[in-house]
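Examining the three-dimensional arrangement
What follows is the residue order along each chain.
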2 protein chains.
Amino acid sequence: MKSVNLKELAQELNLSISTVSKALRDNYEIGQETKERVKKLAQELNYEPNPYASSLRRKKSKTIGVIIPEVSNNFFSQVINGIEEVARENDYHVLIYLTNESYSREQTISHHLASGRVDGILMSIASETQDYAHLKELTSKNIPIVFFDRVCDELATAKVTTNDFQSGYMATQHLIEAGCQCIAHLLISSNLSIGQKRMQGYVKALEDYGITCDASLIVNGDKTDAENRETMKQLLRSRPEIDGIFASVERLAMSSYEACKELNLAIPENIKIISFSNLYVASLLDPALTTITQPAYAIGKEAAKILFNSLDKNKPISATQSLELSSELIKRKSTAV
Amino acid sequence: MKSVNLKELAQELNLSISTVSKALRDNYEIGQETKERVKKLAQELNYEPNPYASSLRRKKSKTIGVIIPEVSNNFFSQVINGIEEVARENDYHVLIYLTNESYSREQTISHHLASGRVDGILMSIASETQDYAHLKELTSKNIPIVFFDRVCDELATAKVTTNDFQSGYMATQHLIEAGCQCIAHLLISSNLSIGQKRMQGYVKALEDYGITCDASLIVNGDKTDAENRETMKQLLRSRPEIDGIFASVERLAMSSYEACKELNLAIPENIKIISFSNLYVASLLDPALTTITQPAYAIGKEAAKILFNSLDKNKPISATQSLELSSELIKRKSTAV
DNA sequence: CTGTTAGCGCGTTCAG
DNA sequence: CTGAACGCGCTAACAG
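Residues numbered from 1 in each chain as written. Chains lettered and ligands numbered in written order. Predicted model: local features only at pLDDT ≥ 70, side-chain atom pairs only at ≥ 80, totals over all residues. Heavy atoms only, no water.

1. Thoughts on the pattern of salt bridges
Definition in use: When a carboxyl oxygen of Asp or Glu is within 4 Å of a side-chain nitrogen of Lys or Arg, the pair counts as a salt bridge. Only DSSP runs of H or I with at least four residues qualify as helices, and only runs of E with at least two residues qualify as strands; both kinds are numbered from the N terminus onward. Each residue gets one of three labels from its accessible area relative to the maximum for its type: buried under 20%, exposed over 50%, partly exposed in between, using a 1.4 Å probe on protein chains only.
The final tally for this structure, using the stated rule, is 36 salt bridges over all chains. In this structure, Lys136(A) engages Glu154(A) in a salt bridge whose closest nitrogen and oxygen atoms are separated by 3.1 Å. With Lys136(A) in helix α7 (residues 133-140) and Glu154(A) in the loop between β4 (145-148) and β5 (159-162), this residue pair connects regions lying 18 residues apart in the sequence. Judged by relative accessible area, which is 38%, Lys136(A) ranks as partly exposed. For the salt bridge of Lys233(B) with Glu262(B), the shortest nitrogen-to-oxygen distance reads 2.5 Å.

2. Details of the protein's contact with DNA strand D
Short version of the rule: Only heavy atoms are used to decide nearness, and a residue is near a molecule or strand if one of them lies within 4 Å of it. Distance and chemistry together define a polar contact, namely a pair of N or O atoms within 3.5 Å, with one atom able to donate a hydrogen and the other to accept it when in protein, and with adjacent residues in sequence counting only for side-chain atoms on both sides. For this scheme, ten residues count as nonpolar: Ala, Val, Leu, Ile, Met, Phe, Trp, Tyr, Cys and Pro. Four count as charged, namely Asp, Glu, Lys and Arg, and the remainder, Gly too, count as polar.
Close to DNA strand D lie 27 residues; Leu6(A), Tyr47(A), Arg57(A), Lys22(B) and Lys59(B) are nearest. If you look at DNA strand D and keep only atoms within 4 Å of the protein, 63% of those are sugar or phosphate atoms. One of the side-chain nitrogen or oxygen atoms of Lys22(A) is found 3.5 Å away from a base nitrogen of DNA strand D. Residue Thr19(B) places a side-chain N or O atom 2.8 Å away from a phosphate oxygen belonging to DNA strand D. Secondary-structure elements contributing two or more residues to the surface near DNA strand D are α2 (17-24) and α4 (51-58) of chain A together with α2 (17-24) and α4 (51-58) of chain B. By residue class, the composition of the surface near DNA strand D is eight nonpolar, 11 polar and eight charged.

3. Description of the pairing of strand β2 (residues 93-98) of chain B
All names here are of chain B. Rules: Strand pairing is assigned whenever DSSP detects at least two bridges linking the two strands. If you view a crossover with the strands going away from you and the path from the first strand over the helix to the second runs clockwise, you call it right-handed.
In terms of burial, β2 is largely enclosed, as six of its six residues are buried. Neither face of β2 is left uncovered, since the one carrying His 93, Leu 95 and Tyr 97 and the one carrying Val 94, Ile 96 and Leu 98 both have all their residues buried. Here strand β1 (residues 63-68) runs beside β2; their pairing, made up of six bridges, is parallel. When the sheet's bridge partners are listed, Ile 68 is paired in β2 with Leu 98. Regarding the hand of the β-α-β motif, the stretch spanning β1, helix α5 (residues 74-89) and β2 is right-handed.

4. Some thoughts on the sheet that holds strand β8 (residues 244-247) of chain A
All names here are of chain A. Spelled out, the test is: Orientation is described by lines fitted to C-alpha atoms, with helices fitted over the stretch in contact, and by angles between N-to-C directions that extend from 0 to 180 degrees. Whether two residues touch is decided by their heavy atoms; if any such pair falls within 4.5 Å, the residues are in contact.
Judged by pairing direction, the sheet is mixed, and its six strands sit side by side in the order β7-β6-β8-β9-β10-β12 without closing on themselves. Two strands lie at the open edges of the sheet, namely β7 (218-220) and β12 (328-330), each paired on one side alone. Looking at each pair of strands side by side, their axes are set apart by 15° on average, direction ignored. Taken together, the three bridges between strand β9 (residues 272-276) and strand β10 (residues 290-293) define a ladder with parallel strand orientation. Across the sheet, residue Ser 275 finds its bridge partner in β10, namely Thr 291. Packing of helix α9 (residues 193-208) onto the sheet brings it into contact with β6 (183-187), β7, β8 and β9, and relative to β6 it is tilted by some 170°. Against the sheet, helix α11 (residues 250-262) contacts β6, β8 and β9, and its axis sits at roughly 165° relative to β9.

5. Topic: the sheet that holds strand β7 (residues 218-220) of chain B
All names here are of chain B. With mixed pairing, six strands are arranged side by side in an open sheet as β7-β6-β8-β9-β10-β12. Each end of this open sheet is capped by a strand with a single partner; those strands are β7 and β12 (328-330). Recorded for the sheet is a direction-independent mean angle of 15° between the axes of neighbouring strands. One ladder, built from three bridges, connects strand β10 (residues 290-293) with β12; its direction is antiparallel.

6. Observations regarding the relation of the copies chain B and chain A
Here is the rule: Only residues with pLDDT of at least 70 in both copies contribute their C-alpha atoms to the least-squares superposition of the copies.
Turning chain B through 180° and shifting it by 0.1 Å along the axis lays it on chain A, with an RMSD of 0.1 Å. Such values leave the two copies arranged in the relation of a two-fold axis. Of all interface residues in chain B, 100% are interface residues in chain A too; the two copies therefore contact each other through one and the same surface.

7. Let's talk about the UniProt feature "domain: HTH lacI-type" (unreviewed entry) in chain A
Short version of the rule: UniProt positions are given in the numbering used here, feature names are shortened, and annotations may be inferred rather than shown by experiment.
The positions that UniProt labels "domain: HTH lacI-type" (unreviewed entry) are, in the present scheme, residues 4-58 of chain A. Taken end to end, residues 4-58 of chain A is 67% helix and 0% strand, and its two terminal C-alpha atoms sit 21 Å from one another.

8. Quick notes on α4(A)
For clarity, the cut-off: Throughout, the arc means the angular range of directions from the helix axis out to the C-beta atoms.
What α4(A) keeps buried is the set Pro51(A), Tyr52(A) and Ser55(A). Down the axis of α4(A), the buried set is contained in an arc of 95°. They therefore lie on one face. In this fold, the buried residues of α4(A) make contact with α4 and β1 of chain B. N-cap assignment for α4(A): the residue whose side-chain oxygen lies 2.7 Å from the backbone N of Tyr52(A) is Asn50(A).

9. Structural notes on the protein's contact with DNA strand C
Taken together, 26 residues surround DNA strand C, and among them Lys22(A), Arg57(A), Leu6(B), Tyr47(B) and Arg57(B) come closest. Backbone atoms, meaning sugar and phosphate, make up 59% of the atoms of DNA strand C lying within 4 Å of the protein. At 2.8 Å, a side-chain N or O of Lys59(A) approaches a phosphate oxygen of DNA strand C. Listed by contribution, the elements that provide at least two residues to the surface near DNA strand C are α2 and α4 of chain A together with α2 and α4 of chain B. Sorting elements by how many residues they give to the surface near DNA strand C places α4(B) first, with four residues. Of the residues in the surface near DNA strand C, the class split is seven nonpolar, 11 polar and eight charged.

10. Examining the environment of Glu84(A)
Residue position: Glu84(A) is located in helix α5 (residues 74-89). Between the C-alpha atom of Glu84(A) and that of Thr224(A), which follows or precedes it by 140 residues, the distance is 30 Å. The contact partners of Glu84(A), leaving out residues within four places of it in the chain, are Val94(A), Ile96(B), Tyr97(B), Leu98(B) and Arg105(B). Separated by 3.0 Å, the side chain of Glu84(A) and the backbone nitrogen of Leu98(B) make a polar contact.

Structure (structure tokens):
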């Protein structure tokens, strides 16, 4: 079956193409009855405008790009959920791209999107990324970007984040008040804004509670799960005084959890774990993992709203529209602490 | 900064637009040195062809649509991962749409995609869907579809599934051999192919082991999590002889798990749970949940490969290309059974 | 109120 | 080997 276009509708109705076009778009120039006649036939023939022709003409794609490191992570999944919801409400389409934490993929993708394929971009930076030229290319082409979670401070645009510093502080405080004296911190790649801020919160909390901060307790968890688990095991073996772990992200929490189990370190008696995580199931673990849970769905929605608002009004996004949402401390259910 | 197009390149080089176009596409009609000259400048000016103009002209969008019920589910996340990977290898773009299990959303989305926005579709059907007219519209417009996991048997196209019947059988058998006599089955919406097949496997296993199949032990879990949990609690209270639960999907497994915990039914002593789930963490639960784990990533990849192969060779997809991949029974780690 | 005309940027004839 | 001309399907400016 051939896909029907304006020309065919026009022929069928003995009208001109532009009249049909206007009628369908409810242009005030067109009479009520012609509008109805046109719409009726369009309906019958299942007419759908060709989006590419329309985009070419209007220089608007009604499409946004979402660039994230991975999707097999509850946080990003929920964010996508929020984004898709808002996009649908605004009649936008969502293109998705995964960097897998790779800088070069992020570059390639960004470059592709500089072609006008998308009207705007929502993005969370790859852990490998340290240079931002590819992002500057985008802004130089006037493609608005809103960052979420993992942001790029060098670009003056809106960022939607969690209160990472306070959350890191809160997490550490939680462990200290539960009696921990020697707390390890499992950091996600040191390039990332979130990692830095969470760590700063950790450092500040130790300071405030008069605990000296030992740099060797802060380890990088930017390897594979298996490697991170080994790193953790090694640390725990060499430093038996460790009685608390603060993991920066979900995956690191799980690696820590497994490391403890394998070393037969009783949780939470010998060692207490807290982590950023949007994994609902973490609260079912026994003993349940205390988590700092980010408002992922809301982050997706808010980031998308800022972007669509800018696209809608056709005005640039300013850094002042940035938003910081609060995370939530979800305590262990079945076990004290 | 204005985005550079063929015309500008042509002017700069004192060539015609079509020559530049051909040079960039490595057309044999163009001399080697002009090609290089053109490509060099294109590189310098960061030229990226306008995808919409190109799509309009070639009637190919280099884009596929992925329609799934939800993304906050590890199975679908992993599938997306596989799809995106293959798409990237083939230089395709991925549009994502979530139905949230809603029939009307699925209709709207399908209708939108009938416009030529995508060259093909990968899809897993919403649980509400019972009528397939919207999908037939797509095939009537020659838009190839490959179904995965939740398929539509009324359409003669390729489907990538898990061996659901055998898996359901295996799951039930596992419980029986672990000593369960009275096994409840928590069914996902009865419309879905996967639900039916898994249930059939369950019924067959009971039969083979000479256990009479009591229809009241099969309950529908198509409500919200909280409601499903209540349903489960009610069932468990009214039928204390239940000593095994086979849940059809991840969410239902969690609801069952919680229901048991709340009723203080010891797992696995009083009651054993098995479930389809791609939630890695399920194996960390204590007692760990035995799961039937689907090869989600591979399903995504294979489905995408079938689609791209068809798009590439420009020939229709036949049902004979369907694939059935095997799931894996992941047994409890920490606890026997 | 309706129709005519002129592109959007690119790829594909067909002439030279 | 290169260029001129046309049209993909749609929208917008301008006539009537």
